[in-house]
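The chain contents come next:
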Amino acid sequence: PSPDTGPTWTSDGRRIAYRSTRDGGGLFVTAIDGTNERRVTTFGVHPQWSPDGSEILFTWRSGEGVGPLAVYIVSPDESTPRLVRPDLLNNLGVLAVAWHPSGRLSVVGEHQTQPTLLLAPVVEGVLAHVLDTPVFRERLNVLGLRLGPHVWSPAGDQVFFEGSNGVENLWKVTIDPVTD
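Residues numbered from 1 in each chain as written. Predicted model: local features only at pLDDT ≥ 70, side-chain atom pairs only at ≥ 80, totals over all residues. Heavy atoms only, no water.

## Focus: the pattern of salt bridges
Should their charged atoms come close, side chains of opposite charge can pair.
Turning to step 1, where the next piece is worked out: Applying the stated criterion across every chain yields a total of three salt bridges.
Turning to step 2, where the next piece is worked out: For E37, the salt bridge identified is with R22, shortest N-O distance 2.9 Å. Here R22 lies in the loop between β2 (15–20) and β3 (26–31) and E37 lies in the loop between β3 and β4 (38–41), a separation of 15 residues in the sequence.
Turning to step 3, where the next piece is worked out: Residue E37 is classed as partly exposed on the basis of its relative accessible area, which comes to 39%.
Turning to step 4, where the next piece is worked out: In this structure, R82 engages E55 in a salt bridge whose closest nitrogen and oxygen atoms are separated by 2.7 Å. With a gap of 27 residues between them, R82 in strand β8 (residues 82–83) and E55 in the loop between β5 (45–49) and β6 (56–61) connect regions that are remote in the sequence.
Turning to step 5, where the next piece is worked out: Judged by relative accessible area, which is 40%, R82 ranks as partly exposed.
Turning to step 6, where the next piece is worked out: Residue classification places E55 among the buried residues on the basis of a relative accessible area of 19%.
Turning to step 7, where the next piece is worked out: When salt bridges that share partners are traced, they join D4, R22 and E37 into one network. (Salt bridge = Lys/Arg side-chain N within 4 Å of Asp/Glu carboxyl O. Helix = DSSP H or I, 4+ residues; strand = E, 2+ residues; numbered from the N terminus. Buried < 20%, exposed > 50% of the residue type's maximum accessible area, 1.4 Å probe, protein only.)

## Quick word on the packing of aromatic side chains
Turning to step 1, where the next piece is worked out: Enumeration over the complete set of coordinates arrives at five aromatic pairs.
Turning to step 2, where the next piece is worked out: Aromatic side chains F43 and F58 sit 5.5 Å apart centroid to centroid with 65° between the ring planes, which places their arrangement in the edge-to-face category. One end of the pair, F43, is in the loop between β4 and β5; the other, F58, is in strand β6, with 15 residues separating them in the sequence.
Turning to step 3, where the next piece is worked out: Judged by its relative accessible area of 0%, F58 falls in the buried class.
Turning to step 4, where the next piece is worked out: Between F43 and Y72, the aromatic rings sit 5.0 Å apart at their centres with planes inclined by 75°, giving edge-to-face as the arrangement. With a gap of 29 residues between them, F43 in the loop between β4 and β5 and Y72 in strand β7 (residues 69–74) connect regions that are remote in the sequence. Y72 carries the same exposure label as F43, and that label is buried.
Turning to step 5, where the next piece is worked out: Joined through ring pairs, the aromatic side chains of F43, F58, W60 and Y72 make up one cluster.
Turning to step 6, where the next piece is worked out: Positioned above the aromatic ring of F28, the side-chain terminus of R22 is 4.5 Å from the ring centre. (Phe/Tyr/Trp six-rings, centres within 6.5 Å; stacked < 30°, edge-to-face > 60°. Lys NZ or Arg CZ within 6 Å of the ring centre and 35° of its normal.)

Spelled out as structure tokens, the structure:
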């Protein structure tokens, strides 16, 4: 009766989280066979399961979708979303978030007007700049590339980006997991 979008599977392939506009909208979770469906939030987009499948990371813009991007985490069993790191993320022009295989947050944002990829602990701790090098910034500037949604390889040694410079493309960057 209404669109279901943005499906994401747990790493064991047993559950799916997705966005739906039905019944007032929100994020839903269901078993892979469609049973045990339940709404876990009344808002949110772009759900992503944590590496261990215990939580769902998602984003939301307040004010009819034009406000700042806020990041939340919810347990699929509790349905009480919690705001993630506003102390850190409010001062960063967040464009997209994802889970890193280590369980840290991976944030594509703008740091001092420069695009960058950062890793941050979920609860507390400092940001680690992963792709904040002069060579990376120069390549982005030359290409006029704006980074967006991204996903890490399970080993944490590659990150795949949606990049846009008038045309949407998929980009891959190899990362040294020891020094990320």
